[in-house]
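Structural description and commentary
Now for the letters of each chain:
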Amino acid sequence: MNVRAHMSMLFHLDKCIGCHTCSVACKNLWTDRKGAEYMWWNNVETRPGSGYPTQWENQEHFQGGWEFKDGKLRLRLHSRAAGLLKLFFNPALPSLEDYYEPFTYRYQDLFNAPAGDDQPTAIPISMITGEPMEIKSGPNWDDDLGGSNIYARNDPNLEDVPAEVRAQLDELERVVFNYLPRICNHCLNPACVAACPSGAIYKRQEDGIVLVNENRCRAWRMCVAACPYKKVYYNWSTGKSEKCILCFPRLETGQAPACAHSCVGRIRYMGVLLYDADRLPEAAMVPDEQLVDAQRDAILDPFDPEVIAAAKANGLGDDWIRAAQLSPVYQFVKVWKLALPLHPEYRTLAMMFYIPPLSPVVSVIEDGLFRLDLSDANHDFELFHRLSAARLPVQYLANLFTAGNQEIIRQTLVKMLAVRLYMRRKTVDGEVDEKLIKLLAEAGTTPQEAEAIYQLTTQPTLEERFVLPPYHREMAVEAWKDPLAHKGEAGLGYLQVPRRGE
Amino acid sequence: MNWNNLLFVIFPYIALAVCVIGSVYRSIYRPFTISSLSSQLLERRKLYWGSISLHYGILIILLGHLLALLLPRSLMWWNAVPVRLYLLEFTGLALGIWALAGLVILVYRRLTSRRLWPVTTRMDWVVLILLLVSVITGVWTATFYRFGSYWFTAVFTPYLWSLITLQPRPEFVAPLPWVIQLHVFNFFILLLIFPFSRLVHIVTYPLGYLLRPWQIVVAVRGRITPQTQ
Ligand code: HEM
Ligand code: SF4
Ligand code: SF4
């Protein structure tokens, strides 16, 4: 057993209100720079929808992630030798049109326009050329357009959803969408690292954050193509690749990443997971339908004395083990089995987890009429036993979170529904009857667990949502420098301005 | 001191020294600036035709030059049969024209793609123009002063070796037509600007990729634990 710690984020999709505060917080902090205007290290997509960059999940086209064939794991993008021959032109690299041309408005015109009969307008200009442009798309172009037959239809996850289910999604009365916030998944088997010919990308052993060493990046831009989530971006100005850094400077000073910290819906949780590095990459080398379980198996129980001993042998301190025990991510992922990785079939072993969304309102059209005659309670029970009637098709969610395994999605949704029913009965009706207890058991849970899930879902404190271990950076600094001297030098600007090379 | 000495002895040494010292300095002290500065994100269609043609054309020709320098005998042996000589000459000329076409496309691309203007530096133009001079004089030589692969070993191999062994003998180059002299001198100019331009990307060719483990894990104090795979 080779125990390592990982900082993981968890997204409770049921709570996301699609406000994009997270994206803006990230943009203000990290990517409000020349060459990075088009980058959204954190973005929020409307699903079903085409995503950003457009149709990023279409790996036939973008060649991201790993392929498992004949017992071997291969990068879809290239073999080592083929990669070296494709440096001059990278056929799988998305072009700016797949993202969008970044734009702003010429606000000065509003102030400087000569007096006249018309209101002055601020025309859109390109942030690359500075010239007037026509805006054709943006990072969030299909926001809230679920059910649209232009955008939602383009969702690659709908491909194998049966035609009649798809047709339902287009019916006005059944239109449904949910939000999908995305950051880099800081994968355990990252394709970006494996694809970089210069070896400029690496994973930090202490917390699993995947970083680009821009001093070693030579702009071969293989990482951009190889990341199946399209979460490495190429800075067109500096000629270097960049990606989400999980706000490590904030984590190291005890603050949650800016996206999580600013989240209005409070959907995000941060915590430590312990995992067994000896099970890599084998955890990614199982058939599609077993991927979720294999990854869950690689995540270790922080209460198990053997795991604790092995963790200590690997240099993990008590404070980190304690943080792993208190981790809300561990609860949701491993104990309650409610959280899933995004697109496990890419086999990068994504380490950010999602709780799939319950469908909004349960009502179903029958014979063209809403069945408003059913009481709420019956609606709920009906759905519990007929998940196929959920407005978000189970298969669609399975394509997003379980590599097509509908059983896992069903178990997850049923458990969430059971918790919801149980708590509603308990708080609204003030009674818990036999039927309800049976229903909980059917969903594989108990009243105690249901209440714990409810508690952590709906009213966690800040400290319960973000359980951040101390990084002891002062000790790391000591290795090469007097920490006090270092303190005086940190954060006072560049030692070398990151200027574009000639 | 005559022109010949200045251009083909003094200047090459200066250029080489600047090239080596500059590149080493830059890779140690200014590593952030070293990049191929790809502009594929902004424009890809013309780059496809331009970059692939230029790179494959020029890289194979460069390797050919290197071969003639290091293994002149193998070249002479190959050229002993006329058919093989014609084949080699024709291939070389075709590659040269291919590289030239690529360069012309790249120049056209930088001129016409508006999005590239903000990322085009003066040095980018210097490099493209010097390469144009290089390739045009090269193709010119191959066309009008046949057969290069034949006389290269008699003229340039000894000249370049004389430079490398610090016993310069510029008299090999002195009697050559000016086009060929320009071709040689232009190469030294390229060496001179090498560390100050995007050309440094050539020496960062990541051969190590063939050998390193797929995954790279780095611990706080710089300990790298390769993950087997
Ligand atoms: C050794 C292997 C080489 C590799 C892997 C390589 C790779 C690259 C890459 C990735 C680019 C950026 C293309 C883009 O915009 O996406 C580039 C551009 C360029 N390379 Fe190379 N290169 C190599 C050798 C050379 C050589 C030998 C020369 C010439 C002597 C050269 C001259 C150039 C020039 C002039 C450009 C700029 C093209 C433009 O955008 O106008 N390269 N190279
Ligand atoms: S999601 Fe992040 S860690 Fe995973 S492959 Fe993409 S960039 Fe790399
Ligand atoms: S800030 Fe939170 S609620 Fe708002 S879009 Fe982002 S993840 Fe969703």
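As a starting point, this report considers the structure included with it. Remember, predicted model here, so these are calculated numbers, not experimental data.

The rules we used
- Residues numbered from 1 in each chain as written.
- Chains lettered and ligands numbered in written order.
- Predicted model: local features only at pLDDT ≥ 70, side-chain atom pairs only at ≥ 80, totals over all residues.
- Heavy atoms only, no water.
- Helix = DSSP H or I, 4+ residues; strand = E, 2+ residues; numbered from the N terminus.
- Buried < 20%, exposed > 50% of the residue type's maximum accessible area, 1.4 Å probe, protein only.
- Pairing = 2+ DSSP bridges.
- Near = heavy atom within 4 Å.
- Polar contact = N/O pair within 3.5 Å; in protein donor to acceptor, adjacent residues only side chain to side chain.
- Nonpolar A, V, L, I, M, F, W, Y, C, P; charged D, E, K, R; others polar.

Along the chain, L67 of chain B turns up in helix α2 (residues 45-70). We classify L67 of chain B as partly exposed; its relative accessible area is 39%.

Residues and elements named next belong to chain A. Sheet architecture is open: 5 strands sit in the order β13-β12-β1-β15-β14, paired in mixed fashion. The sheet is open, and its two edges are formed by β13 (299-300) and β14 (340-341), each paired on a single side. Of the pairings in the sheet, the one linking β14 to strand β15 (residues 353-355) comprises 2 bridges and is antiparallel in character. When the bridges of β15 are listed, P341 appears paired with F353.

If you check the shell around ligand 1, you find 25 residues, and the closest are S38, S39, H55, R110 and H201 of chain B. At the site occupied by ligand 1, the surrounding residues belong to chains A and B. Take S38 of chain B: an N or O atom from its side chain is 2.6 Å from an oxygen atom of ligand 1. Interatomic distance of 2.8 Å between a side-chain N/O atom of R110 of chain B and an oxygen atom of ligand 1. For the shell around ligand 1, the elements supplying multiple residues, two or more each, are α2, α4 (82-112) and α5 (122-144) of chain B. It is α2 of chain B that provides the largest number of residues to the shell around ligand 1, a total of 6 residues. The residue inventory of the shell around ligand 1, partitioned by class, reads 15 nonpolar, 6 polar and 4 charged.

Glancing now at the site of ligand 3. C16, C19, H20, C22 and C263 of chain A are the nearest of the 14 residues found near ligand 3. Class assignment of the residues belonging to the shell around ligand 3 gives a composition of 9 nonpolar, 4 polar and 1 charged.

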